[in-house]
Amino acid sequence: MQGGQSTGEDDVPATSQLTVTYLHAGAPGHLVVTGRVVTQGEHLTVCEADVEQDGRTLVHAVATFAVLLH
């Protein structure tokens with residue numbers, strides 16, 4: 001553990017909540033996906049991701065993961 005956060009190889013993330021919001025339809029072509037960790041605690045991590053095409057956000061997702069220690 002570093003800084004109170006679990007970093008062990010045996011830790012197993014389990015999705016406890018996932019919200020996906022579809023904002024616009026995409027088209028064939030290049031997509032850009034950006035993901036980021038919003039909050040990382042000892043037992044829960046919250047992440048967000050956006051899918052963009054031509055500078056327009058198509059999808060926004062928020063996921064909460066529980067870290068199961070083994």
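Up top is the structure these notes are about.
Residues numbered from 1 in each chain as written. Predicted model: local features only at pLDDT ≥ 70, side-chain atom pairs only at ≥ 80, totals over all residues. Heavy atoms only, no water.

### Some points on the sheet that holds strand 3 (residues 44-53)
Strand pairing in a sheet relies on backbone hydrogen bonds. The paired strands run either parallel or antiparallel.
Consideration 1: Overall, antiparallel pairing links the four strands, which are arranged 1-4-3-2 in an open sheet. Edge positions in the sheet fall to strand 1 (12-22) and strand 2 (32-40), since each has one partner strand and no second. The sheet shows a mean angle of 20 degrees between the axes of neighbouring strands, direction not considered.
Consideration 2: Pairing of strand 2 with strand 3, which is carried by eight bridges, proceeds in the antiparallel orientation. Among the inter-strand pairings, Gly-35 is bridged to a residue of strand 3, identified as Ala-49. (Pairing = 2+ DSSP bridges. Helix = DSSP H or I, 4+ residues; strand = E, 2+ residues; numbered from the N terminus. Axes fitted to C-alpha atoms, helices over the stretch in contact; angles between N-to-C directions.)

### What to know about unusual backbone geometry
Consideration 1: Residues other than glycine seldom take positive phi values, yet Asp-54 does so here, at roughly 55 degrees.
Consideration 2: Structurally, Asp-54 can be placed in the loop between strand 3 and strand 4 (56-68).
Consideration 3: Overall, Asp-54 belongs to the exposed group, its relative accessible area being 80%. (Buried < 20%, exposed > 50% of the residue type's maximum accessible area, 1.4 Å probe, protein only.)

Any functional reading would require information that these geometric values do not contain.
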